[in-house]
There are 2 protein chains.
Amino acid sequence: MKKIEVIQNVLEANETIASRNRQLLDEHKVFAINIMSSPGAGKTSLILQTLTRLKDRLNIAVIEGDVASTVDAEKVQSEAKAVVQINTGKMPESCSLMAAMIESALKDIPLDNMDLILIENVGNLICPAEFNLGEHKRVVISSLPEGDDKPTKYPLIFIDADAVIINKMDFLPHVDFDIAAFRRSIAGLNPKAEIFELSCKTGEEIERWCSWVLEQVKANATKH
Amino acid sequence: MKKIEVIQNVLEANETIASRNRQLLDEHKVFAINIMSSPGAGKTSLILQTLTRLKDRLNIAVIEGDVASTVDAEKVQSEAKAVVQINTGKMPESCSLMAAMIESALKDIPLDNMDLILIENVGNLICPAEFNLGEHKRVVISSLPEGDDKPTKYPLIFIDADAVIINKMDFLPHVDFDIAAFRRSIAGLNPKAEIFELSCKTGEEIERWCSWVLEQVKANATKH
């Protein structure tokens, strides 16, 4: 079927560019994290919290992916060393960041002066699972108001995640979310994923998340 | 560019099948509503509330779209006259219901005995905007915990909506969501959209929503 073949080609071409991105990042000893979630689960809030806590210890750039608008880039502008906005626009590119977009964004970031790039993907639990960007770690955020069945309904994105963040823990008294059931689903799909139960609003477990990020950056720096 | 052309062909083929679906629905005097939102915004809850309130007045079928799992279909099974599950699976079809999937689902629904089909799309604010299913009305749900900037960030899906539902109104004391700003964004994109501020949990404004649905079904029935 022609359509399937073309999509296959798109995915293969994406892998090639993703490898180039990874090589470029490694040459410059820059660590990259791809942050994915549903719309409104807290990607920008997590990036802001991470910038606030780590900006004195690491030089951090942010790549903001969005279908339209620059509202998130504006929010992180004052805290990041560099910010690049990508607007994905219309189909077929609209539903996820792709490696070619990152390749282009990396040209606008002074890589020699950076330690970490936080990539905010488009708000979507489906397409971003399929597009490798060349990042070192993949993080998925699930927020309490979305419900505990998201790993069951959108398994692919959770299977490939290095870390899963349960955000908006401050909503626990107001929602019917079974943390143990959610953890069991993740354990079934991806037992190696690191899990954080945090709140970008109250700061709960943000320290542990930032320590994890710092460890990953350091471990990668000693490798190259 | 080859890729763009193929996607263009996919969208055109989709339109053709969507027109056939619409014709079939009209021949049988069945009204169809396409319900779209982010993951966890409340599509299934809205369908359940609608079934509970309208099942004695209308014969209602549900088409459940999901990447994986049948959890939503199981939830509505006891209340609907017929339920068809569609699992969209892997790319390229995974990120939205498409007209061909609905065409196939309609074969499993006794259309002569139905008044209304509620179609639950895949949880995604991007792809479903581009695929006409042959439905009569398009509804987008936005929930308070997602934030009030969703129309600015995902405009296309709101531009084409006949109704926009602000769900989880019971969260108002716990979130920083500016209803007036959200309404202004919708007015800018799509001034004709009907707006509902409701809560599937408390039942707030569910009556008004169900009255609107009933009106649409009746208006369509007198037309054909």
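As a reminder, the structure under discussion sits directly above these lines.
I will try to describe carefully the structure that is included in this document. (Residues numbered from 1 in each chain as written. Chains lettered and ligands numbered in written order. Predicted model: local features only at pLDDT ≥ 70, side-chain atom pairs only at ≥ 80, totals over all residues. Heavy atoms only, no water.)

1. Some points on the overall build of chain A
Line of reasoning, step 1. The helix and strand tally for chain A stands at eight helices and seven strands.
Line of reasoning, step 2. A compact globule built from 224 residues should have a C-alpha radius of gyration of about 17 Å, and chain A, at 17 Å, falls within 12% of that.
Line of reasoning, step 3. Taking all 224 residues of chain A together, the buried fraction comes to 61%.
Line of reasoning, step 4. Across chain A, the 25 positively charged side chains and the 33 negatively charged ones have centroids separated by 1 Å. (Helix = DSSP H or I, 4+ residues; strand = E, 2+ residues; numbered from the N terminus. Rg over C-alpha atoms; globule rule 2.2 N^0.38 Å. Buried < 20%, exposed > 50% of the residue type's maximum accessible area, 1.4 Å probe, protein only. Lys, Arg positive; Asp, Glu negative; His and termini not counted. Charge placed at Lys NZ, Arg CZ, Asp CG, Glu CD.)

2. Describing the state of the cysteines
All names here are of chain A.
Line of reasoning, step 1. For the structure on display, the rule yields two disulfides over all chains.
Line of reasoning, step 2. One disulfide in the model links Cys 95 with Cys 127; its S-S distance is 2.2 Å. The sign of the S-S torsion, about -110 degrees, decides the handedness of the disulfide formed by Cys 95 and Cys 127: left-handed. Residue Cys 95 is located in the loop between β3 (82-87) and α4 (99-106), and its partner Cys 127 is located in the loop between β4 (116-120) and β5 (137-143); the two are separated by 32 residues in the primary sequence. (Disulfide = S-S within 2.5 Å.)

3. With respect to the relation of the copies chain B and chain A
Line of reasoning, step 1. For the match of chain B to chain A, the screw axis carries a shift of 0.0 Å, the RMSD comes to 0.0 Å, and the turn is 180 degrees. What we have between these two chains is a two-fold relation.
Line of reasoning, step 2. Taken together, the interface assignments show that 100% of the residues at the interface of chain B recur at the interface of chain A, consistent with an identical surface on both copies. (Least-squares fit on C-alpha atoms with pLDDT ≥ 70 in both. Contact = heavy atoms within 4.5 Å.)

4. Describing the packing of aromatic side chains
All names here are of chain B.
Line of reasoning, step 1. Inspection of the entire model under this criterion finds 11 aromatic pairs over all chains.
Line of reasoning, step 2. Centre to centre, the rings of Phe 177 and Phe 182 are 5.5 Å apart; their planes meet at 40 degrees, and the pair counts as tilted. Each member of the pair, Phe 177 as well as Phe 182, is classed as buried. (Phe/Tyr/Trp six-rings, centres within 6.5 Å; stacked < 30°, edge-to-face > 60°.)

5. Describing the environment of Thr 50 of chain B
All names here are of chain B.
Line of reasoning, step 1. As for its placement among the helices and strands, Thr 50 is situated in helix α2 (residues 43-54).
Line of reasoning, step 2. A C-alpha to C-alpha distance of 8.3 Å links Thr 50 and Trp 209, two positions 159 residues apart in sequence.
Line of reasoning, step 3. In this structure, Thr 50 is in contact with Lys 55, Ile 60, Leu 118, Trp 209 and Cys 210, ignoring residues within four places of it in sequence.

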